[in-house]
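# Observations on the three-dimensional arrangement
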Amino acid sequence: MAESKRLFFAIELPADIQTQVIHWRAQHFPPEAGRPVAAANLHLTLAFLGEISAEKQRALEGLAGRIRQPGFTLHLDDAGQWLRSRVIWLGSRQPPRGLLQLADMLRAQASRSGCYQSPQPFHPHITLLRDANRAVAIPPPGFRWSFPVNEFSLYESQFIQGRTRYTPLNRWTLTTE
């Protein structure tokens, strides 16, 4: 029997934005605030698929390849903390419609393919710190990063030698209009 993979659809942060966010995080959150997510692992999850077979992966890749949607600009200008899930996150005060539509399409396809989707509303975010056990001060408004989103990817999550690594397996380009 073929091995399953732990997969998710996501938007990758450009390298320069990753660097800026990591620097900002180091300036605003003390080391004891939580376990920092590695710069290379910073992403915005669109749809979590879980452990899936190679057959289901191929089917979902085929469905993702049929999506025709224009790209959009993502503004990262909000931050917060979820004590229950113990994460500190970076997000968008007003997520672009294109982002919400893309996530809705991918989540619906995943659900129809038998991948559990949380009943919680989609809250686009980038996890900055994990294991944040205590409330921390969130930096005041005034920070902002913006970048064009022209593609989304399918990632594999692997735990190797004590580290989580996210590897892109496939990418799809959003239309120019």
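See the structure above.
So, here is what we can say about the structure in this document.

Applying the stated criterion to the full structure yields 6 salt bridges. R144 is the partner of D77 in a salt bridge, and the nearest nitrogen-oxygen pair spans 3.5 Å. With D77 in the loop between β4 (72-76) and β5 (78-82) and R144 in the loop between β7 (125-130) and β8 (145-149), the pair connects residues that are 67 residues apart, well separated along the chain. Exposure remark for D77: the relative accessible area of 13% places this residue in the buried category.

Quick look at the packing of aromatic side chains now. If you walk through the whole model with that rule in mind, you get 10 aromatic pairs. Geometrically, the ring pair formed by F9 and F152 is edge-to-face, given 6.1 Å between the ring centres and 65° between the ring planes. Residue F9 is located in strand β1 (residues 5-12), and its partner F152 is located in strand β9 (residues 151-160); the two are separated by 143 residues in the primary sequence. Comparing F9 with F152 shows no difference in burial state: the two are buried. Seen in terms of ring centroids, W24 and F29 are 5.9 Å apart; in terms of plane orientation they differ by 80°. Their pairing is edge-to-face. Overall, F29 belongs to the buried group, its relative accessible area being 6%. An aromatic cluster is built from W24, F29, F143 and W145, whose rings are joined through pairwise contacts.

Our focus in this paragraph is the sheet that holds β1. Pairing is antiparallel in the open sheet, where 4 strands are placed in the order β3-β1-β9-β10. Taken across any chain shown, the strands that pair with only one partner, and hence form the sheet edges, are β3 (43-52) and β10 (163-173). When the angles between neighbouring strand axes are averaged without regard to direction, this sheet yields 25°. Across 10 bridges, the pairing between β9 and β10 is antiparallel. Considered in β10, the bridge of L154 is made with N170. Its contacts with the sheet place helix α3 (residues 97-112) against β1, β3 and β9, and it is angled at close to 0° to β3.

About the cut-offs
Residues numbered from 1 in each chain as written. Predicted model: local features only at pLDDT ≥ 70, side-chain atom pairs only at ≥ 80, totals over all residues. Heavy atoms only, no water. Salt bridge = Lys/Arg side-chain N within 4 Å of Asp/Glu carboxyl O. Helix = DSSP H or I, 4+ residues; strand = E, 2+ residues; numbered from the N terminus. Buried < 20%, exposed > 50% of the residue type's maximum accessible area, 1.4 Å probe, protein only. Phe/Tyr/Trp six-rings, centres within 6.5 Å; stacked < 30°, edge-to-face > 60°. Pairing = 2+ DSSP bridges. Axes fitted to C-alpha atoms, helices over the stretch in contact; angles between N-to-C directions. Contact = heavy atoms within 4.5 Å.

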